[in-house]
Each structure stands twice: as C-alpha cells, then as structure tokens.
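Report on the structure
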Amino acid sequence: MIVTDNALKELAHILETHAAPVTGIRIQGKSTSPLKVDFKMSMTQDDSVTEEDELISFKYEDSVVNIYMDSESQPYGKHLELDYIEGLMQSGFKIDYKPPTPEHIDEDVFTSVQRILEDKINPAIASHGGSVSLVDLKDNIMFLQMEGGCQGCASSAVTLREGIEKMVKQELPQIEEIIDITDHAMGKNPYYKPPGYENKYD
C-alpha cells in the first residue's frame, strides 16, 4: 500500500481533531469484477478492531496513522494507492487501484483502453461530475460502469453511443461491442429500470 504525504497529512489531522477517540482508519474493498474494486473508508475505534485485521502504520511528522484492513480486503492493499486531492470545486481522498492484468485480458488492449478513459473520456465528462471505469474485457467486448453524475443521467446512452464508442473504436477497431452495466436506477436521476444486462455479462 502506498499513502501519499497529502493523504497522511489529512488523515493525521482527522484523527487528531475527531470528537470521539479513534484508533485509526479502516479501508474496506469489495471486488465487483476482475478489474474493479469498490473501496470505502471509515474511522475505527478500538472495540471494532479484530484479530483478523491487518494493521499498517505510517508516520507523519509527530503523528502515527494506523490503517486497518479486514481479511477480505487485505489482498487489495498491495495494489492500492491512497491520495488526497485538493481542488477549487471539491477536495477528497482518492484511491487508485491497479491490480495485475487478469490472464483472460490482452494487456496491450487493456492499457490502450485505460489510456483512452484517463486521457480523453473522463476529462471530457468530469465537468458534469461523472466518470467511467473499465469493469472487464471479454472476447473483444468492453464492459463499462458510469459513476457520479453519469449514473442515472438521461444522456448516458448518448454519451456511450456518440462519445465513448466512437473514441474507443477509432483507436481499437477490434472492440466489437461496448456494454454499460451501470445500474442507472440507483443514480441520483434514474430514468429507467436497468435492462437484463446481468445475463449478458455473466
């Protein structure tokens, strides 16, 4: 696990100024696909720490920041980088997870897709508070998930068809299909019940 100085500074401040006594920060990870893990952070008190927890301690100036991970989350820790981003519109922690490429995925295609998402697609939709992440690559089919302002947005289908598909297929013509597996009904502005994409993905 890598924790940047910016993240350590903010974590140390949170732990020192929190109203209730806390012993550290807990990071939990839940795998949603071979390429995607959803993480959440919370403060941890002594009575919630178990023997199965892994403790990772970092020193920042005169403070010690303790990070705990349960047994199910521990395998993800070695590929995790925690940062704290300060911006004009919003600030917050950012977890960057970069696992080894699964055997069933072409590494060159995977690298190209990630570059397109990071350099072209996500910067273009960031102004709307949205982002897109790669969930899986199977048999030249790309599975994507929309997040933030794109989840539940009535324009998400247009974004996929007119923006994402054109950008990806222009550089990677071997990609035959791009499937959005987002549960848009759970977004802030759901406009339809999600179709039966689960069967197609499984």
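None of these values were measured; they are calculated from a predicted model. (Residues numbered from 1 in each chain as written. Predicted model: local features only at pLDDT ≥ 70, side-chain atom pairs only at ≥ 80, totals over all residues. Heavy atoms only, no water.)

1. Some details on the nonpolar core
Nonpolar side chains tend toward joint burial in soluble globular proteins. The test is simple: In this text, buried Ala, Val, Leu, Ile, Met, Phe, Trp, Tyr and Cys residues form a nonpolar core when linked through side-chain atoms within 4.5 Å. Partly exposed describes any residue whose relative accessible area lies between the buried limit of under 20% and the exposed limit of over 50%, with all areas from a 1.4 Å probe on protein chains only and scaled to the type maximum. Runs of H or I in DSSP of at least four residues are treated as helices and runs of E of at least two as strands, each being numbered from the N terminus.
Within the largest apolar cluster, 20 residues are counted, with the highest numbers of intra-cluster contacts made by Val132, Leu134, Leu137, Met142, Ile164, Val168 and Ile175. At 7 residues, helix α3 (residues 107–125) tops the list of elements feeding residues into this core. Residues Leu8, Leu15, Phe58 and Val65 belong to the second largest nonpolar core, which totals 17 residues.

2. Some details on the sheet that holds strand β3 (residues 37–44)
Quick reminder of the rule: Following DSSP output, two strands are said to pair if at least two bridges run between them. Angles run from 0 to 180 degrees between N-to-C directions of axes, and those axes are lines fitted to C-alpha atoms, restricted for helices to the stretch in contact. What makes two residues a contact is simply this: any of their non-hydrogen atoms within 4.5 Å.
As summarised here, the arrangement of the 4 strands in space is β3-β2-β5-β4, forming an open sheet in which the pairing is mixed. Edge positions in the sheet fall to β3 and β4 (54–60), since each of these pairs with one other strand and no more. Taking each pair of neighbouring strands and ignoring which way they run, the sheet shows an average axis angle of 25°. Packing of helix α1 (residues 5–17) onto the sheet brings it into contact with β2 (24–31), β3, β4 and β5 (63–69), and relative to β5 it is tilted by some 95°.

3. Quick look at the confidence of the model for the chain
Heads up, the condition is: Per-residue confidence from the predictor is reported as pLDDT, a score between 0 and 100.
Considering every residue of the chain, the mean pLDDT works out to 81; 81% of them sit at 70 or more. Put simply, helix α5 (residues 197–201) is where the chain has its lowest mean pLDDT, 39, and strand β1 (residues 2–3) is where it has its highest, 96. Across residues 184–202, confidence stays below pLDDT 50; counting only partners more than four residues off in sequence or on other chains, it has 38 contacts.

4. Examining the side chain of aspartate 136
Our working rule: Here Asp and Glu are counted as negative and Lys and Arg as positive; His is not counted, and neither are the chain ends. Salt bridges are defined by distance alone: a side-chain nitrogen of Lys or Arg within 4 Å of a carboxyl oxygen of Asp or Glu. Whenever two N or O atoms come within 3.5 Å, that pair is a polar contact, provided that in protein one can donate a hydrogen and the other can accept it, and provided that, for residues adjacent in sequence, both atoms are side-chain atoms.
As for its placement among the helices and strands, aspartate 136 is situated in strand β8 (residues 130–138). This buried residue, aspartate 136, is left without a salt bridge; lysine 138 holds the nearest opposite charge, at 4.1 Å. There is a polar contact of 2.9 Å between the side chain of aspartate 136 and the side chain of histidine 104.

5. Comments concerning unusual backbone geometry
A positive phi is found at glutamate 61, a non-glycine position, where the angle reads about 50°. Residue glutamate 61 is classed as exposed on the basis of its relative accessible area of 61%. Phi angles above zero are rare outside glycine, and asparagine 140 is one such case at about 65°. On the secondary structure map, asparagine 140 appears in the loop between β8 and β9 (141–148). Accessibility expressed as a relative area gives 36% for asparagine 140, which makes it partly exposed.

6. Describing the sheet that holds strand β6 (residues 80–85)
Read from one edge of the open sheet, 3 strands run β1-β6-β7, paired in mixed fashion. With one partner strand each, in any of the chains shown, β1 and β7 (92–97) form the two edges of the open sheet. As paired elements, β6 and β7 share 6 bridges and run antiparallel to each other. What sits directly across from glutamate 81, in β7, is aspartate 96. In this fold α1 packs onto β1, β6 and β7, with an angle of close to 70° to the strand it touches most, β6.

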